[in-house]
Amino acid sequence: MTFKAEYIWIDGTEPTAKLRSKTRVLADGAELPIWGFDGSSTNQADGHSSDRVLKPVFTCPDPIRGGDNVLVLCEVLDIDMTPHASNTRALLTEVAEKYADQESWFGIEQEYTFFKEGRPLGFPIGGFPAPQGGYYCGVGADEVFGRDVVEKHLDLCLEAGLKISGINAEVMPGQWEFQVGPAGPVEVSDHMWVARWLLYRVAEDFGIAATLDPKPAKGDWNGAGAHTNFSTKAMREGYDAIITACEALGEGDKPFEHVKQYGHGIEDRLTGHHETAPWNKYSYGVSDRGASVRIPWQVEVEKKGYIEDRRPNANVDPYVVTRLLVDTCCSALEKAGQV
Ligand code: ADP
Ligand code: MN
Ligand code: MN
Ligand code: MN
């Protein structure tokens, strides 16, 4: 007998990478082999030497096909078995390893928007729905669009064993959020990429497209972000470490270095309106949804916990945002002797 392995990888499309996948039929009990693909069709090679390598790095049950079938997230390698230029996971694993003893945790809030027939789900033909105000965490057919897809996606993520921790309707019709975490940097990112793949895949069955476009509707509508909640062991134990992390993110060129890698089109989303801070002005504050980085109110009360980096776009690469946060904050905590 056989089982099906869906090999999933992240391509080289600029400015925002896309997910790709293909199926391998394997004999029962077979190990997941290294596989290959045509990199010239995924912006990962030119036509002359286009073979690229898929190396399985994370496997989970395939909740779409069920049975013994599996989803297989892969890293992309060149044929000399070194990481391909588009392989941001390889960069993350190095940094994660370096600061492993600080025990970083992440919870990423993935906002996204459903589209059908060229407009956000719930938008009337040639016009706009009632202004935002009632949609966030709403209920009822006049406010909520696509809940059947969202519920199905949550169930699929749970069946796959992903660390999904919640869902909510967002401020624009057809806009939703799910959260993954808390988990370490590599795990949260692997789970996020597979959860994204499952989102596109299940929405496909409903004739709906899901997009991570950070500004899916022009005008007075919130953008779509990927707030990234972050803590280290020291931050979960004391407030000095919380402040050190917030300060480190504001030092020198750090705000710019982070923001320019937090997803394409970030200037259009971080305008200073719609619960954002301007992209070019770093700030942090308690309970402040108009700051770049928010310290949740209960963290200030308890004097320990985590911080929320509100800047990442919905289309951010989780391997990149977690690497930058670990690198910037853990090195500062180490320097301050607060580990
Ligand atoms: P918001 O109030 O900003 O909408 P959410 O509830 O959507 O926040 O998401 C918060 C995320 O933070 C969740 O994924 C949660 O698991 C995660 N989280 C909670 N505690 C920590 C922590 N100590 N370190 C990192 N992430 C955490
Ligand atoms: Mn949230
Ligand atoms: Mn949200
Ligand atoms: Mn948030």
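Residues numbered from 1 in each chain as written. Chains lettered and ligands numbered in written order. Predicted model: local features only at pLDDT ≥ 70, side-chain atom pairs only at ≥ 80, totals over all residues. Heavy atoms only, no water.

The name given to the protein in an unreviewed UniProt entry is Glutamine synthetase, with Planomonospora venezuelensis as the source organism. The record in UniProt for the protein states the following under Sequence similarities (unreviewed entry): "Belongs to the glutamine synthetase family." (UniProt positions renumbered as here; feature names shortened; annotations may be inferred.)

(A) View of the nonpolar core. In this structure, Tyr112, Phe114, Leu162, Leu198 and Ile307 are the most contacted members of the largest nonpolar core, which totals 75 residues. A per-element tally of this core places helix α3 (residues 185–205) first, with 11 residues. A domain split of this core shows at least three residues from each of domain 1 (2–86) and domain 2 (95–335). Beyond its immediate sequence surroundings of up to four residues, Leu198 is in contact with Pro63, Ile64, Leu71, His153, Leu156, Cys157, Ala160 and Leu162. Ranked by size, the runner-up nonpolar core spans 12 residues in total, among them Leu26, Trp35, Phe37 and Val70. (Core = buried A, V, L, I, M, F, W, Y, C linked by side-chain atoms within 4.5 Å. Buried < 20%, exposed > 50% of the residue type's maximum accessible area, 1.4 Å probe, protein only. Helix = DSSP H or I, 4+ residues; strand = E, 2+ residues; numbered from the N terminus. Domains from an automatic or database assignment. Contact = heavy atoms within 4.5 Å.)

(B) Focus on the environment of Cys157. Its location among the elements puts Cys157 in helix α2 (residues 147–159). For the pair Cys157 and Gly12, spaced 145 residues apart in the sequence, the C-alpha separation amounts to 25 Å. Residues contacting Cys157, with those up to four places away along its chain left out, are Leu162, Ile164, Ala195 and Leu198.

(C) Representation of the domain arrangement of the protein. Annotation of the protein at the domain level lists domain 1 (2–86) and domain 2 (95–335). Counting residues at the interface gives 14 residues for domain 1 and 16 residues for domain 2. Across the domain 1 to domain 2 interface the summed buried area is about 1500 Å²; carbon plus sulfur atoms make up 80%. When the area that domain 1 buries against domain 2 is broken down by residue, the three leading residues are Leu19, Pro63 and Ile64, summing to 36%. At the surface where domain 1 touches domain 2, the tally comes to one residue pair in polar contact (both at pLDDT 80 or more). Those elements that provide at least two residues to the side of domain 1 that touches domain 2 are β1 (2–10), β2 (19–27), β4 (51–61) and β5 (70–77). Partitioning the side of domain 1 that touches domain 2 into residue classes produces 11 nonpolar, two polar and one charged. (Buried area = accessible area lost by both parts, 1.4 Å probe. Polar contact = N/O pair within 3.5 Å; in protein donor to acceptor, adjacent residues only side chain to side chain. Nonpolar A, V, L, I, M, F, W, Y, C, P; charged D, E, K, R; others polar.)

(D) Quick peek at the coordination of the manganese ion (ligand 4). Protein coordination at the manganese ion (ligand 4): the donors are Glu109 (OE), Glu109 (OE), His227 (ND1) and Glu308 (OE), at 2.0 to 2.5 Å from the metal. Written as a sequence motif, the donor residues of the manganese ion (ligand 4) are E-x117-H-x80-E. Taken as an interatomic distance, the gap from the manganese ion (ligand 4) to the manganese ion (ligand 2) is 4.0 Å; Glu109 donates to each of them. Residue Glu109 is located in strand β6 (residues 105–116), and its partner Glu308 is located in strand β14 (residues 307–309); the two are separated by 199 residues in the primary sequence. The class of Glu109 is buried, set by a relative accessible area of 14%. Residue Glu308 is classed as buried on the basis of its relative accessible area, which comes to 1%. (Donors = N, O, S within 2.8 Å, 3.2 Å for Na, K, Ca; no water.)

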